[in-house]
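Coordinate analysis (summary)
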Amino acid sequence: MEFENILTENNDGILQISVNRPSKLNALNKATIQELHEAFWAAGGDDHVKVIILTGSGEKAFVAGADISEFSGYSSEEGKVLAAEGQKNLFDYIANFPKPVIAAINGFALGGGLELALAAHFRIASENAKMGLPEVSLGVIPGYGGTQRLPQLVGKGRAMEMIMTAGMIDANQALQYNLVNHVTSQEELLDFADELAGKILKNSMVAIKSAIKAVNANYEDGVNGFETEIEEFGRCFGTADFEEGTSAFLNKRKADFPGE
Ligand code: COA
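Here's what I pulled together on the structure shown here.

Cut-off values and rules
Residues numbered from 1 in each chain as written. Predicted model: local features only at pLDDT ≥ 70, side-chain atom pairs only at ≥ 80, totals over all residues. Heavy atoms only, no water. Buried < 20%, exposed > 50% of the residue type's maximum accessible area, 1.4 Å probe, protein only. Helix = DSSP H or I, 4+ residues; strand = E, 2+ residues; numbered from the N terminus. Pairing = 2+ DSSP bridges. Right-handed = clockwise from strand over helix to strand, strands pointing away. Contact = heavy atoms within 4.5 Å.

Strand residues, when the strand is regular, have side chains that alternate between the two faces of the sheet. Counting buried positions over the six residues of strand β3 (residues 51-56) gives six, a clear majority of the element. Covered by surrounding structure in β3 are Val51, Ile53 and Thr55 together with Ile52, Leu54 and Gly56, the residues of both alternating faces. Two elements, strand β2 (residues 14-19) and β3, share six bridges in a ladder whose sense is parallel. For Val19, the partnering residue across the bridge sits in β3 and is Gly56. Considered for its hand, the β-α-β crossover made up of β2, helix α1 (residues 30-44) and β3 is right-handed.

With that settled, consider unusual backbone geometry. What you tend to see is this: most non-glycine residues have negative phi, and most peptide bonds are trans. A positive phi angle, close to 60°, is found at Ala166, a residue other than glycine. Structurally, Ala166 is set in the loop between α6 (156-165) and β9 (168-170). Here the phi dihedral of Asn178 falls at roughly 65°; this positive angle occurs in a residue that is not glycine. Looking at where Asn178 falls in the secondary structure, it is placed in the loop between α7 (171-176) and β10 (182-184).

Of note, Ile94 is situated in helix α3 (residues 76-95). Accessibility expressed as a relative area gives 0% for Ile94, which makes it buried. A C-alpha to C-alpha distance of 15 Å links Ile94 and Ala217, two positions 123 residues apart in sequence. Those residues within four positions of Ile94 in sequence are excluded, and the remaining contacts are Phe40, Leu54, Val101, Leu116, Ala119, Ala120 and His121.

The values reported here are purely geometric and, on their own, carry no functional implication.
The following block contains the structure:
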């Protein structure tokens, strides 16, 4: 697939998707959001993609936010549509994506950029990364899930402080806040992401899909996560991966999961 605003590269089942507008600090304009949606949609149906690493091109930014130049003249109604479509087509899409998505935050992750990282299943960051939700400094609030997903990770008080001050935290503070799981040097970030993806790849992707669904169920209104867990646990028993995983263990050999 040919894209203008993103780069994709598949190495042995690990698909790296890089937002690639370095002259605009990888800000998310509508076209980039659409291309990201298309790349994820294609990855969902591609058996050669097992794990996705989401990052930003260049050394300065992961994504410095939604493209302010695009929405500065919007009406209330247009703003609402922008948030609703973005959430549906990209941010919720990633959060519920059936394959693991790791955000490798390599620089500024601000506004919609931090929200993109928050939508990923987990995050790692390089030492130079800076994260924040500066929307109230522009007279608006986070609209791509930031008011919901940030408190889930860092707690309500810290999220309120970050949103109200519009300030940035550095990678080590983000680690302390549980916003990112690991911090590396900038040079090591993508290798480390690959290493994590490699560990994931050894496991049953069918079971991982069920695990994503069960963990996410805890954050869905009107859904009982324990029931989702029971449902998905049972579903695993009917899969070839379960048969292979258990028989490999009992026969003291490495599992070779057939997948779906
Ligand atoms: N939307 C549109 N363009 C953006 C952008 C965004 N969110 N973030 C950066 N850019 C553009 C700048 O306008 C500039 O473009 P230009 O060279 O054509 O003028 C280019 O990217 C480089 O950014 P610049 O501000 O010159 O870099 P800096 O190192 O001085 O500052 C930041 C870096 C991240 C502090 C600053 O760019 C910034 O505050 N960006 C906006 C962050 C934000 O509010 N995001 C939330 C949006 S909802």
